[in-house]
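Chain by chain, the residues:
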Amino acid sequence: MRRLSLLLLAIALLAPCALWAQDDEDDPDVTDDGVFLDISAELKANFRWSESDRFPLFTPFPPEFVPQGQDNVALATVAPGSSLEVSKAIVYFDLELPRQISGRIKIDFIDLYDRNPTSTDKKIDVDEAWIAFGPRQQSLQPIDGSSFYGLVGKAPKFERQIERRMETYGLVSTAFNRFPDLMLQVGGSLGSSVYFFGQVSDGTPIFMRDPNALAGDNGTAPPPNPVLELGSGFPIFYHAEVEDLQIDDKFEYGGGAGVRWLSEDEESGVDLLGFYYQMTIPDETHLNGTLYQGDLELLRGAGIPPDQLEGNERTEYGANLDVRLGEFALFAQYVKEESANLPRTGFEAEVSYRFVTGDLGDPTALFPAVQPVFRYSRLDNDWTAPPIFITLSAL
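Here's a quick rundown of the structure. (Residues numbered from 1 in each chain as written. Predicted model: local features only at pLDDT ≥ 70, side-chain atom pairs only at ≥ 80, totals over all residues. Heavy atoms only, no water.)

Moving on, we come to the pairing of strand E6 (residues 124–133). Two faces, one strand: in a regular strand the side chains alternate between the faces of the sheet. Within E6, 8 of the 10 residues are buried, which leaves it mostly tucked inside the rest of the structure. Looking at chain direction, strand E5 (residues 101–109) and E6 are connected through 9 bridges and run antiparallel. The partner of Lys106 across the bridge, within E6, is Glu128. Note: E6 against strand E7 (residues 147–155), 5 bridges, orientation antiparallel. What sits directly across from Trp130, in E7, is Gly153. (Buried < 20%, exposed > 50% of the residue type's maximum accessible area, 1.4 Å probe, protein only. Helix = DSSP H or I, 4+ residues; strand = E, 2+ residues; numbered from the N terminus. Pairing = 2+ DSSP bridges.)

Laid out in structure tokens, this is it:
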């Protein structure tokens, strides 16, 4: 039943809009062009290679926790060697209606690289399911004037990089905003340059994963002497995906504001956004695919000294800079977070330049453009941990 919850939510969000669209057929003020449903699909295949590394832990695990065929518990490469694989199949349902109503359902199949938080998570995932009332202009999109909008459903965080130019995610985007959240968001614009938003959401839970392609298996098999299909990886603490509707009193509150400038031809622009979030961390959160609990239960069990782990509040603030100058693009993000008195700071920057080699409007062109991309990503945890800490890669 839990796996069906977001599918039911998606139907509940878009069904009223579909009925509205039918009602508008008799409205002389609404033309056929005002109702638009686009169904599209995407298939991703990837080649990856990983070096085999293994680092035994000093944590005093009981003998029954040692995996079969190994001498000790260790952090190890998730899947060493090379692999050519189909990583994801995606189906999009994008709906646009009169009165500036829009919606999206995005369903991922296979979802090899975004399984959350282990390989045994579900292979069919409702990644997005939301509906918006009013114009919601994201980074470097034109703002026609003062406006207001509301959004409800499962959607990416506002500060997430919209135009991704690499298949992988950096440390910062993995740690803070890689996965969407269940939210009620309102916002708008003042004139053509200033915009703002505020939201209340379910709050993404704290867990750990390898920041590379595959998340790694942690807690997928119970003792004694579990058999592991994949290695643990070298995990960091990250904000895991909200997979099911869980209504409680542990909401996350936040918002942000920004300024934007775009040239008349929209070929050049600068967008600067600031954001802030605050929430009460739950004592524990169940996640599909692992025996371990997320949130405070995970932090307590990881071996963090009690004198460093204090309270149950999480605050996060930061800023985005998005720049487009013709074919040149820069996206930079700074994030400062404190979870239960554990501070960490992240900075990420991505620079790219697109070399147009053919007709971008020709669907038959094999390589109409080439776009080299360089990314710098750094995540610093401003706290210390003892040698028995179970995931030293998070430091």
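Bringing the nonpolar core into the picture now. Among the nonpolar cores identified, the biggest contains 21 residues, and Phe207, Phe237, Leu299, Ile304 and Phe389 are the most heavily contacted of them. Among all residues touching Leu299, those that are not within four sequence positions of it are Ile206, Phe237, Ile304, Leu309 and Leu342. In terms of nonpolar packing, the next biggest core, distinct from the first, is built from 19 residues, Trp130, Ala175, Ile236 and Val335 among them. (Core = buried A, V, L, I, M, F, W, Y, C linked by side-chain atoms within 4.5 Å. Contact = heavy atoms within 4.5 Å.)

The next thing to look at is unusual backbone geometry. Of the consecutive residues Pro223 and Pro224, the connecting peptide bond is found in the cis state with omega at 10°. By the secondary structure assignment, Pro224 is in the loop between strand E10 (206–209) and strand E11 (236–239). Of note, Ile110 is a non-glycine position whose phi angle comes to about 70°, a positive value. If you trace the backbone, Ile110 turns up in the loop between E5 and E6. Note on Ile110: relative accessible area 31%, which makes it partly exposed. Look at Asp111: it is not a glycine, yet its phi comes out positive at around 50°. Within the secondary structure layout, Asp111 lies in the loop between E5 and E6.

Moving on, we get to the side chain of Gln185. By the element assignment, Gln185 lies in strand E8 (residues 181–190). Within the local environment of Gln185, its side chain forms a polar contact with the side chain of Tyr149, the two groups lying 2.8 Å apart. When sequence neighbours within four positions are dropped, the list of residues in contact with Gln185 reads Arg136, Tyr149, Gly150, Leu151, Phe158, Phe197, Gly198 and Gln199. (Polar contact = N/O pair within 3.5 Å; in protein donor to acceptor, adjacent residues only side chain to side chain.)

We now examine empty space enclosed by the protein. Tallying each qualifying case throughout the model produces 4 cavities of 30 Å³ or more. Around the largest cavity sit 16 residues that line it, and Gln161, Arg164, Tyr169, Ser173 and Glu348 are the ones nearest its centre. Breaking the lining of the largest cavity down by element, the ones donating at least two residues are strand E15 (328–339) and strand E16 (342–353). Of the residues that constitute the lining of the largest cavity, the class distribution is 3 nonpolar, 6 polar and 7 charged. (1 Å grid on protein atoms, 1.4 Å probe; cavity = no way out; pocket = protein on both sides within 12 Å on 5 of 7 lines; lining within 4 Å. Points joined across faces, edges and corners; volume = space filled by probe spheres on them. Nonpolar A, V, L, I, M, F, W, Y, C, P; charged D, E, K, R; others polar.)

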